[in-house]
Structures are given as C-alpha cells and as structure tokens.
Amino acid sequence: MIIEAEKVLLQYSFIDPMIEFIRHNENITFKVTNKPDNRKYLLRIHKPISEGFSGLQHTREGLQSEMFFLREIDQKNILKVQRPVENQKGELVTEYSSDQFGTSLATLLEWIDGSTLTQDEDNIDHIIYRLGENLASLHEFSRTVMPLELHRPVYNVKKIDETLIELQQGTNNGFLNQEDYDVINSVLSVVKEQLTELDARENSWGFIHADFQLGNVIVSEQNPTLIDYCLFGYGYYLFDLGSASSMLKSELRKTLLDGYASKTSFSLNEIRYIEGQIFMDIFISYVFFIHDSDRNGWIKEHASQICSTLCRDFLEGKEVYYSF
C-alpha cells in the first residue's frame, strides 16, 4: 500500500515524506508527514474495500464536489475542516496510474491534530453541546450553497427503495432473516411517510455529512471537529441529527439537541422524525456490507435484535430515541 501512496505523492511538492498506512475501508488512507516542516496530511486513494462502499462519491465529479464543499466551509470560516491541498497542476483531485488498481483517483487534505471522541473526556457535556452547535452551523451553511448543483449521493425515498432491494437480495442469500426484512420494510414505509411530511416544510433538506461516528469527531481544546466527508451529500438535516445522536450515550443526546437548537430552528417535537432517520441510517449501513461475505456476519444478529425490540416499539408509536 505504501508504494501506492508514493506514486500519488510524486504529483505533490513533498520532500522526503514519511508515509503511514491508516486503513482500507471506503478509501485507502495514509498519514503523510512532510519532514522539513513537520506538517501533516491525510492522503486518500479512492478505492473502496468492497462494492457496497462504491458510489458517486468516488467519481471525479463527486470528489471535486466534496473538495469544493470543504474549501467553501474553510474559506468562509464556517467550521474547522481538513483543508483540501492542490497538486502541482493546481488540481484538487489527482489521477494516477496504479499497477494494482489501474487508473485511480486520490485527494490530499490537511491533517487535524487532536483526539478521537470517546465520550469519557473531561467536560463532555460542553463538548457535545458544541458538537450540536457545529452541526447546526454546517446545516445553516448548507442552505447558502443549495442552489449549486453538486455531484453527491442523495439520501431520500429513492435511496430507501434501493436499500430495500439490496436487503431483499441479502435475505435471498441468507444474510438476513425474511421475518426481519419484513419488519425493516414496515419501518421504512413509515419513514417514507415521514419524508413526505418533511418535504412539505421549509429548510428540512440540504447538504449533510451523513456519516457520524466517534472516529469522525476530533476533539482539540474541548472543541469537536467533524472530519471525513466521504459520504456527504443531499439529505434531511434530521438524518445528521439522528446519526450523531445514535453514536452517543443516551444521557448525552439531550445535550446534543440543546446545542443544535441554540443555533437553528428545532423543536423536541421532532424526535419521532429523528428516530425514523436513525433507522434509515442503520439500514443503509447494512448495504455497505450485505454482499461482502467476509464482513457481513454481524448483520443478521444485529437485525434480529433491533427488529424484535426497537423496530416493533417504533411501529407501535413508542418513543425509542434514547434506547438505540
């Protein structure tokens, strides 16, 4: 993998860079340190580890849209983000020839120092409140760029329909129980009705991060910085709020909502919609792995557990926001 990184970095102005492999998931990622000035960068080679991760976000148009979005956030000082870095040709998306992968695309971002969010930090309530504020700032910024046409994934009713088709195939292949699939179908039918209701509202839809997890929040001086916009695209703002909520301990979720509400229009009456978005997020995540026999072993057990508890409670109209 290091050889791949070395090939890409030839198109940048590095002198004797130190390269550390991080992981191969939706991308192949490396930490790059420029020895003369000790500045650090994140190099991403856009070759997902499995077909389920592939999508518009890995195309040249998709990557250019991501780089544009990050640059706009940075230049307008909306939030702290990993700044995109141009190659020697002045391009933000680098094309190179790989012996292993053929013609490939790569991007380079500035590194952000800090620690991954654990929820055990001192003054965690302050950090999570700030996370809610920062998410609201991201969504407020999104509204200003919505007239632009960016080539990014779309998280809508069509995405739900595509997810159900993939999960049905997974059921046919034995990776999901038919009974659980039927419950998932019922839950997502309710979610689709909710999306129709959200469509009737102003400012419910725009660009969202779409991939909240603890590893994507870096804490420095008690300020949480959101990284990894690989899956960002068009969606409902409550999708992000649901994704962020479900990664947190239940006792921190109200703090997140309070932080979000302090910066934008939001009511606790919308928790039912957030629950629906959490389910949507969970079932979309199944699709990333459902056809990868080496990495999908957890899905059947997880689905059985959630379908017999939270899904059934949701379908009965019970509140489940604090139970995920």
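Note: the structure precedes this text.
This is a predicted model, so every value here is computed, not measured.

**Student:** What exactly am I supposed to notice about the overall build of the protein chain here?
**Tutor:** What the protein chain contains, in helices and strands, is nine helices and ten strands. Whereas a compact globule of 324 residues would reach a radius of gyration of roughly 20 Å, the protein chain reaches 20 Å, a difference of no more than 12%. Referenced to the eigenvectors of the C-alpha coordinate spread, the extents of the protein chain come out at roughly 60 × 45 × 40 Å. Burial statistics for the protein chain: of 324 residues in total, 52% are counted as buried. A separation threshold of at least 6 residues defines the contact pool for the protein chain, and within that pool the share at least 24 residues apart is 71%. Surface exposure of the protein chain reaches about 14,500 Å², of which carbon and sulfur atoms provide 45%. One way to put it: in the protein chain the 30 positive side-chain charges average out to a point 3 Å from where the 49 negative ones average out.

**Student:** Sorry, what's going on with the layout of surface pockets here?
**Tutor:** The probe, sized like a water molecule, is rolled over the atoms to show the empty space still left. In this structure, the largest pocket spans a volume of roughly 650 Å³. As for the largest pocket, its lining consists of 29 residues, of which Asp-211, Phe-212, Gln-213, Asp-281 and Ser-285 are closest to the centre. Breaking the lining of the largest pocket down by element, the ones donating at least two residues are helix H6 (237–246), helix H8 (271–289) and helix H9 (299–315). Broken down by element, the lining of the largest pocket gets its largest block of residues, eight residues, from H8. Looking at the lining of the largest pocket residue by residue, the class counts come to 17 nonpolar, seven polar and five charged.

**Student:** How should helix H5 (residues 178–199) be read in this particular structure?
**Tutor:** Spacing of three or four residues puts side chains on the same side of an α-helix, whose turn is 3.6 residues. Its 22 residues give H5 an end-to-end C-alpha distance of 31 Å, which sits within 8% of 32 Å, the value for a rise of 1.5 Å per residue. Within the span of H5, buried status applies to Asp-180, Tyr-181, Val-183, Ile-184, Val-187, Leu-188, Val-191, Gln-194, Leu-195 and Leu-198. Down the axis of H5, the buried side of the element spans an arc of 155°, and every buried residue falls inside it. Set apart from the buried face of H5 by more than 90 degrees, the exposed residues are Glu-179, Glu-193 and Thr-196. Looking at the buried side of H5, the elements it contacts are helix H4 (157–172), strand E10 (233–236), H6, H8 and H9.

**Student:** It is not clear to me how the sheet that holds strand E2 (residues 28–34) should be interpreted in this structure. Could you clarify?
**Tutor:** Hydrogen bonds between backbone atoms are what pair the strands of a sheet, whose relative direction is either parallel or antiparallel. Reading across the sheet, the five strands line up as E1-E2-E3-E5-E4 and stay open at both edges, with antiparallel pairing between neighbours. Pairing within the sheet leaves two strands with one partner each, and these edge strands are strand E1 (17–24) and strand E4 (94–98). Neighbour-to-neighbour, the strand axes of this sheet turn through a mean angle of 30°, independent of strand direction. Where strand E3 (residues 39–45) lies against strand E5 (residues 102–110), five bridges are found, and the strand directions are antiparallel. Opposite Ile-45, over in E5, you have Ala-106 as the bridge partner. Running at roughly 135° to E4, helix H1 (residues 2–9) makes contact with E1, E2, E3, E4 and E5 of the sheet. Seen against the sheet, helix H2 (residues 60–75) touches E3, E4 and E5 and runs at an angle of roughly 5° to E5.

Cut-offs used in this document
- Position labels on residues start from 1 in each chain and follow its written sequence.
- Where totals are concerned, whole chains, interfaces and linings use all residues; where local detail is concerned, this predicted model gives features only for residues with pLDDT of at least 70, and gives and counts side-chain atom pairs only at 80 or more.
- Working from all heavy atoms in the structure, the side-chain values ignore hydrogens and water.
- What counts as a helix is a DSSP run of H or I of at least four residues, what counts as a strand is a run of E of at least two, and both are numbered from the N terminus.
- Atoms considered for the radius of gyration are the C-alpha atoms alone. The globule rule reads 2.2 Å times the number of residues to the power 0.38.
- Throughout, exposure labels follow a simple rule: accessible area from a 1.4 Å probe, protein chains only, divided by the maximum for the residue type, with under 20% read as buried, over 50% as exposed, and the rest as partly exposed.
- Here, two residues are considered to be in contact whenever any of their heavy atoms come within 4.5 Å of each other.
- Surface exposure here means Shrake-Rupley accessible area, sampled with a 1.4 Å probe, where a residue is shielded only by the protein chains that are shown.
- Lys and Arg are tallied as positive, Asp and Glu as negative. Neither His nor the chain termini are counted.
- For charged residues, the charge sits on one atom: NZ in Lys, CZ in Arg, CG in Asp, CD in Glu.
- Two kinds of site are reported from a 1 Å grid over the protein atoms alone, namely cavities, where a 1.4 Å probe fits but cannot get out, and pockets, open sets with protein on both sides within 12 Å along at least five of seven lines, and residues are called lining when an atom falls within 4 Å of a point.
- Grid points are joined across faces, edges and corners, and a volume is the space filled by probe spheres set on the points.
- Any residue that is not Ala, Val, Leu, Ile, Met, Phe, Trp, Tyr, Cys, Pro, Asp, Glu, Lys or Arg is counted as polar, Gly included; the first ten are nonpolar and the last four charged.
- To estimate how far a helix should reach, multiply one less than its number of residues by 1.5 Å.
- Directions pointing from the helix axis toward each C-beta atom define the arc.
- Paired strands, as defined in this entry, are two strands with at least two bridges between them according to DSSP.
- The axes are straight lines fitted to the C-alpha atoms, using for helices just the contacting stretch, and the angles between their N-to-C directions are given from 0 to 180°.

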